[in-house]
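# Structural features, examined
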Amino acid sequence: MLAVPLTVEELASRAYRYAIDPLRNPLKEAMDDYDTVRAAPPLLGIFSDIPAHKLREDEVLSWARAGFSFVVLDGEHSLHEGRHGREHYRMLLRHGITAIQRLHREAVSEHGDCLTMGARATMRPYGITPDETATYLEAIAYPTPGVPSAVSRGGFPMRAGDREMYFTPDSLRAAEVGTQGWVQFETEEYIRAGEVRDQVLGMMQAQGPNKVCGFIGPFDAVMRGGEHPKEDRKTMEGEIADLIAVAADTFQVHMGRVCGSGSCSDPSAIEEAMVEAISGGCRLICVHYLTSDLPYHGAKDVAAPFFRAAKRCGFEASA
């Protein structure tokens, strides 16, 4: 893990690597350096509620310097204001931050379109059946020649660093290898142990190492299923811990979650929650603040508990 705040040399290196290959995904590259989920270091993220037209490069720079590796752009709850474009994705990637474009549950072809515009990952929420994940995974993948799916990602030329186009199917497939899908686990059907959960994890694993990640959102599961555990069932936190461990150890799938809440906002309490998550196998850690909160709370201060937690878990970093 890199020490923070990032140096000018590291920021320049990130911009250089982006200029050489604008289709790279820094987050996936960090995952690919390790053979197992448990061996990989945790990575810090945040959800963004800043409208696309208000995103500023100096803010993105502060996020990068503070140590954020990914930003989830919320095109679901923020609707069109959370749908970003080519320049926004470029801005983030130049600073080494991977943009994950979250879309609404009904979205299908929009996922491939966002990848074509430069997002390196999209996020699909609210699934309750394995078929929904299967459709999503088809929508973010180019069709298999001769046997295309009805929802396969559409072909559209992407550009290299010199703006030359990948204008043949073979060159496009060879260049566009860094994209990811993120499946949200935010319903009881996906979070709780059972056939549905394991089918979904199996489909994610089948896409290849680090091609598909999961992100847990228990708030919606509690909203839908109630706060109190049903008889002979684990608590939601118990199910989440089991999901993270099974995903990491059985399926080799990276899972993420938010650490912190309105009732857990003290930095020491957030740090403890992050230590528990990392120790349990979670490697994609999001703070509970949104990007619009950072001008008040400060990107460096919000990130600090994460780096202390990572160090306590054996991953060297300085905050």
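One structure accompanies this document, and this report is about it.

In terms of regular secondary structure, the protein is built from 14 helices and ten strands. A compact globule built from 319 residues should have a C-alpha radius of gyration of about 20 Å, and the protein, at 19 Å, falls within 12% of that. Here the C-alpha coordinates of the protein stretch approximately 55 × 45 × 35 Å along the principal axes. Split into buried and exposed, the 319 residues of the protein put 51% on the buried side. The contacts of the protein with a sequence gap of at least 6 include a subset with a gap of at least 24, amounting to 73%. About 14400 Å² of surface is accessible on the protein, with carbon and sulfur atoms providing 54% of the total. Between the averaged position of the 33 positive side-chain charges in the protein and that of its 45 negative side-chain charges there is a distance of 4 Å.

The computed volume of the largest pocket comes to approximately 1100 Å³. Lining the largest pocket are 37 residues, and of these Pro218, Phe219, Arg257, Val258 and Gly260 lie nearest its centre. Along the lines of polarity and charge, the residues of the lining of the largest pocket split into 19 nonpolar, nine polar and nine charged.

On to the nonpolar core, then. A general tendency of soluble globular proteins is for nonpolar side chains to be buried together. Membership of the largest hydrophobic core comes to 66 residues, with the highest contact counts inside it found for Trp63, Phe68 and Phe185. It is helix H14 (residues 299-312) that contributes the most residues to this core, seven residues altogether. Once residues lying within four places of it in the same chain are set aside, the contact partners of Phe185 are Tyr190, Ile191, Arg197, Val200, Leu201, Met204, Gly214, Phe215, Ile216, Gly217, Leu243 and Met255. Listed in part, the 14 residues of the second largest apolar core include Leu43, Phe47, Phe215 and Cys286.

Glancing now at the packing of aromatic side chains. Overall, the coordinates contain five aromatic pairs when judged by the stated rule. For the pair Phe185 and Tyr190, a centre-to-centre distance of 5.5 Å together with 55 degrees between the ring planes defines the contact as tilted. Comparing Phe185 with Tyr190 shows no difference in burial state: the two are buried. Plain terms: the ring middles of Phe306 and Phe307 are 4.9 Å apart, the flat faces sit at 85 degrees to each other, and that makes the pair edge-to-face. With respect to burial, Phe306 and Phe307 carry one shared label: buried. Ring pairing ties together the aromatic residues Phe47, Phe70, Trp182 and Phe215, which thus form one cluster. Across the ring face of Tyr126, the terminal group of Arg105 is positioned such that the distance to the ring centre comes to 4.2 Å.

Here the focus is helix H12 (residues 267-279). Here H12 is 13 residues long and its end C-alpha atoms lie 18 Å apart, about the 18 Å a rise of 1.5 Å per residue gives. The set of residues buried in H12 consists of Ile270, Glu271, Met274, Val275, Ala277 and Ile278. For H12, the buried positions fall inside an angular range of 165 degrees around the axis, keeping them on one side. As for H12, its buried residues are in contact with strand S9 (255-259), strand S10 (284-290) and H14. Directly beyond the C-terminal end of H12, a positive phi value near 110 degrees is found at Gly281.

Criteria and thresholds
- Residues numbered from 1 in each chain as written.
- Predicted model: local features only at pLDDT ≥ 70, side-chain atom pairs only at ≥ 80, totals over all residues.
- Heavy atoms only, no water.
- Helix = DSSP H or I, 4+ residues; strand = E, 2+ residues; numbered from the N terminus.
- Rg over C-alpha atoms; globule rule 2.2 N^0.38 Å.
- Buried < 20%, exposed > 50% of the residue type's maximum accessible area, 1.4 Å probe, protein only.
- Contact = heavy atoms within 4.5 Å.
- Areas by Shrake-Rupley, 256 points an atom, 1.4 Å probe, with all protein chains shown as cover.
- Lys, Arg positive; Asp, Glu negative; His and termini not counted.
- Charge placed at Lys NZ, Arg CZ, Asp CG, Glu CD.
- 1 Å grid on protein atoms, 1.4 Å probe; cavity = no way out; pocket = protein on both sides within 12 Å on 5 of 7 lines; lining within 4 Å.
- Points joined across faces, edges and corners; volume = space filled by probe spheres on them.
- Nonpolar A, V, L, I, M, F, W, Y, C, P; charged D, E, K, R; others polar.
- Core = buried A, V, L, I, M, F, W, Y, C linked by side-chain atoms within 4.5 Å.
- Phe/Tyr/Trp six-rings, centres within 6.5 Å; stacked < 30°, edge-to-face > 60°.
- Lys NZ or Arg CZ within 6 Å of the ring centre and 35° of its normal.
- Expected span 1.5 Å × (residues − 1).
- Arc of directions from axis to C-beta.

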